[in-house]
Amino acid sequence: QVQLVESGGGLVQAGGSLRLSCVASGRTFSRYAMGWFRRAPGKEREFVAGISQNGGSTYYADSVKGRFTISRDNAKNTVYLQMNSLKPEDTALYYCAAAVGVVGTTTVQYWGQGTQVTVSS
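Let us look at the structure shown here. (Residues numbered from 1 in each chain as written. Predicted model: local features only at pLDDT ≥ 70, side-chain atom pairs only at ≥ 80, totals over all residues. Heavy atoms only, no water.)

**As for the environment of Gly 104**
Item 1. By the secondary structure assignment, Gly 104 is in the loop between strand E9 (92–99) and strand E10 (108–111).
Item 2. For the pair formed by Gly 104 and Met 34, sequence separation is 70 residues and the distance between their alpha carbons is 9.8 Å. (Helix = DSSP H or I, 4+ residues; strand = E, 2+ residues; numbered from the N terminus.)

Right, here's the structure in full:
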């Protein structure tokens, strides 16, 4: 069992930055690919970014490519999402996820509770 706890969300003006963190419990963190998803009001949850078990491979949704950066520190059981040049359309509840294989909706085994990001115009 893996428990994921996100932090770092908040209210920011358009063009600003935030860094989300997700700490995982347990000793198996490095076995999982990790990712971030988001759910905007009235929309389905969507993939944002993913990172391989050793951090050597990262991938992003087109909507955030070039603005967001995912990273991980296996010694700290933590995955990060650095979000720059934020836009009002980035407003959503952001979820951390642990997956087997490439991160995707069907491969996620564990979800966090989410942290709210609100971007004002």
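**Quick look at the sheet that holds strand E3 (residues 18–24)**
Item 1. Pairing within the open sheet is antiparallel, and its 4 strands lie in the order E1-E3-E8-E7. The strands lining the two open edges of the sheet, one partner per strand, are strand E1 (4–7) and strand E7 (68–73). Pairwise comparison of adjacent strand axes, ignoring direction, gives a mean angle of 15° for this sheet.
Item 2. Pairing of E1 with E3, which is carried by 4 bridges, proceeds in the antiparallel orientation. Following the sheet pairing, Val 5 is matched in E3 by Val 23. (Pairing = 2+ DSSP bridges. Axes fitted to C-alpha atoms, helices over the stretch in contact; angles between N-to-C directions.)

**Observations concerning the pattern of salt bridges**
Item 1. Considering all chains together, one arrives at 4 salt bridges under this definition.
Item 2. Between Arg 38 and Glu 46 there is a salt bridge, with its nearest N and O atoms 2.6 Å apart.
Item 3. For Arg 38, a relative accessible area of 6% gives the class buried.
Item 4. Look at Glu 46 and you get partly exposed, because its relative accessible area is 36%.
Item 5. The partner of Lys 65 in a salt bridge is Asp 62, with the nearest N and O atoms 3.1 Å apart.
Item 6. For Asp 62, a relative accessible area of 66% puts it in the exposed group.
Item 7. Taken together, the shared-partner salt bridges in this structure form one network comprising Arg 38, Glu 46, Arg 67 and Asp 90. (Salt bridge = Lys/Arg side-chain N within 4 Å of Asp/Glu carboxyl O. Buried < 20%, exposed > 50% of the residue type's maximum accessible area, 1.4 Å probe, protein only.)

Everything listed here is a matter of geometry and, on its own, says nothing about what the molecule does.
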